[in-house]
Amino acid sequence: VLLDELRSVRRAGVAFDREEAQLGLTCVAAPVFDASGLRAIAAVSVSGPRNRFSPERFVQTIRETADRIARSAIDLTDVPTSAVSGRQHSAGTCLA
């Protein structure tokens, strides 16, 4: 079942969280790929309460946003670790 879901996510280019992480919260997310287009270096997501938010409405927007970021982003894997801040950022619970 998990492998089928992962194949579906790869084909669709987005992942959904339908209250798996937190009851009442839904999410749609898309990967941001590196220059090769093969490795995800980040993800973009939008989430909201189930009763007021339909993640399906944001599929195209989230894909386009991830693509725009990928085209304009610097691949951070080339940045020396000494140049990266020690701060951790919490981006929510939805993972792509």
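Focus on the pattern of salt bridges
- Under the defined criterion, the tally for this structure stands at four salt bridges.
- Asp4 is paired through a salt bridge with Arg7; the nearest N and O atoms lie 2.8 Å apart. With a gap of three residues between them, Asp4 and Arg7 both fall in helix H1 (residues 2–12), about one helical turn apart.
- With a shortest N-O distance of 3.1 Å, Arg18 and Glu56 are connected by a salt bridge.

Side note on a nonpolar patch on the surface
- Among the surface-exposed residues, Leu2, Leu3 and Leu6 lie close enough to one another that they form a single nonpolar patch of about 330 Å² accessible area.
- The exposure class assigned to Leu2 is exposed, which follows from its relative accessible area of 61%.

Focus on the packing of aromatic side chains
- Enumeration according to the criterion identifies one aromatic pair in this entry.
- Ring plane angle 25° and centroid distance 5.2 Å describe the contact between Phe53 and Phe58, whose orientation is recorded as stacked.
- Directly above the ring of Phe16 sits Arg18, whose terminal nitrogen or CZ lies 4.2 Å from the centroid.

Criteria and cut-off values
- Residues numbered from 1 in each chain as written.
- Predicted model: local features only at pLDDT ≥ 70, side-chain atom pairs only at ≥ 80, totals over all residues.
- Heavy atoms only, no water.
- Salt bridge = Lys/Arg side-chain N within 4 Å of Asp/Glu carboxyl O.
- Helix = DSSP H or I, 4+ residues; strand = E, 2+ residues; numbered from the N terminus.
- Patch = residues over 30% accessible without salt bridge, like charges linked within 9 Å, V, L, I, M, F, W, Y side chains within 5 Å.
- Areas by Shrake-Rupley, 256 points an atom, 1.4 Å probe, with all protein chains shown as cover.
- Buried < 20%, exposed > 50% of the residue type's maximum accessible area, 1.4 Å probe, protein only.
- Phe/Tyr/Trp six-rings, centres within 6.5 Å; stacked < 30°, edge-to-face > 60°.
- Lys NZ or Arg CZ within 6 Å of the ring centre and 35° of its normal.

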